[in-house]
Amino acid sequence: MVTSRVHPMAKCDEGYICHVCGKDVESMVDSDLYLRYVLGQVDPEVLHTTPERHIRCNPLLAQFIDDARFETVYVEGEMGLQQLDPDYVAGRKQLVTRAYQRLWELKGAEGISILELPLEEFRGG
């Protein structure tokens, strides 16, 4: 079990490079990896080995963020919000938006255990 204390998005010599667009992921609030971790979709044991990308480079997840700090992402076709069940969309927007807002709460925070980053309902223990 991982119990170390971390500074979120601590830079290594190379930084974090988006495997989709090839540009730096400069902040936790731009990180698809940390957003998915906060949502309980990434195990803490593989967080450091999982490829990184910008939230915007994952439009299927990004389209569910409803926050003034995030420019809305539109997905066309059968996976776009307009084609999905409205109840599912409402619930998913609420959850993903909470996770995005959690990233803003954590931005610049120090001395937080990696296990404390996820939304409360996704924390182990």
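Up top is the structure these notes are about.
Below is a summary of the structure that appears in this document. (Residues numbered from 1 in each chain as written. Predicted model: local features only at pLDDT ≥ 70, side-chain atom pairs only at ≥ 80, totals over all residues. Heavy atoms only, no water.)

This brings us to the overall build of the protein chain. Helix and strand content of the protein chain: three helices and two strands. A burial count over the protein chain gives 42% of its 125 residues as buried. Here the protein chain has roughly 7500 Å² of accessible surface; of this, 48% comes from carbon and sulfur atoms. (Helix = DSSP H or I, 4+ residues; strand = E, 2+ residues; numbered from the N terminus. Buried < 20%, exposed > 50% of the residue type's maximum accessible area, 1.4 Å probe, protein only. Areas by Shrake-Rupley, 256 points an atom, 1.4 Å probe, with all protein chains shown as cover.)

Next up on the list: the side chain of Gln63. Residue position: Gln63 is located in the loop between helix H2 (59-62) and helix H3 (86-106). Its relative accessible area of 3% is what places Gln63 among the buried residues. A polar contact of 3.4 Å, which involves the side chain of Gln63, links it to the backbone nitrogen of Leu81. Not counting residues within four places of it along the chain, the set of residues in contact with Gln63 comprises Val73, Val75, Met79, Gly80, Leu81 and Lys93. (Polar contact = N/O pair within 3.5 Å; in protein donor to acceptor, adjacent residues only side chain to side chain. Contact = heavy atoms within 4.5 Å.)

Turning our eyes to something else, we now look at the nonpolar core. Ranked by size, the top nonpolar core spans 31 residues in total, and within it Leu35, Leu39, Ile55, Leu103 and Leu117 carry the most contacts. When residues of this core are traced back to their parent elements, those giving at least two are helix H1 (32-38), H2 and H3. Top contributing element to this core by residue count: H3, with seven residues. (Core = buried A, V, L, I, M, F, W, Y, C linked by side-chain atoms within 4.5 Å.)

Turning to H3, a few remarks are in order. The end-to-end C-alpha separation of H3 is 30 Å, in line with the 30 Å expected for 21 residues at 1.5 Å each. Taken together, the buried positions of H3 are occupied by Val89, Arg92, Leu95, Val96, Thr97, Ala99, Tyr100, Arg102, Leu103 and Leu106. Those residues of H3 that are buried lie in contact with H1, H2 and strand S2 (112-113). The residue sitting at the N-terminus of H3 and contributing the capping side-chain oxygen is Asp85; that oxygen lies 3.1 Å from the backbone nitrogen of Asp87. Positive backbone phi, approximately 80°, marks Gly108, located one or two places after H3. (Expected span 1.5 Å × (residues − 1).)

Moving on, we get to the pattern of salt bridges. Opposite charge on two side chains permits pairing when their charged atoms draw close. Within the structure shown, the criterion is met by five salt bridges. In this structure, Arg53 engages Asp32 in a salt bridge whose closest nitrogen and oxygen atoms are separated by 2.7 Å. Taken together, the residues span a long stretch of sequence, with Arg53 in the loop between H1 and H2 and Asp32 in helix H1 at a distance of 21 residues. The burial state of Arg53 is the same as that of Asp32; both residues are buried. (Salt bridge = Lys/Arg side-chain N within 4 Å of Asp/Glu carboxyl O.)

In the structure shown here, the tally under the stated rule is three aromatic pairs. Arranged with centres 5.3 Å apart and planes meeting at 65°, the rings of Phe70 and Tyr100 form a pair that is edge-to-face. With Phe70 in the loop between H2 and H3 and Tyr100 in helix H3, this residue pair connects regions lying 30 residues apart in the sequence. Given a relative accessible area of 9%, Phe70 falls into the buried group. Since its relative accessible area comes to 2%, Tyr100 is described here as buried. Here the aromatic cluster, defined as three or more aromatic residues joined through ring pairs, consists of Phe70, Tyr100 and Trp104. Of note, Arg56 hangs over the ring of Phe70, and the distance from its end group to the ring centre comes to 5.1 Å. Positioned above the aromatic ring of Phe64 is the side chain of Arg92, whose terminal nitrogen or guanidinium carbon lies 5.9 Å from the ring centre. (Phe/Tyr/Trp six-rings, centres within 6.5 Å; stacked < 30°, edge-to-face > 60°. Lys NZ or Arg CZ within 6 Å of the ring centre and 35° of its normal.)

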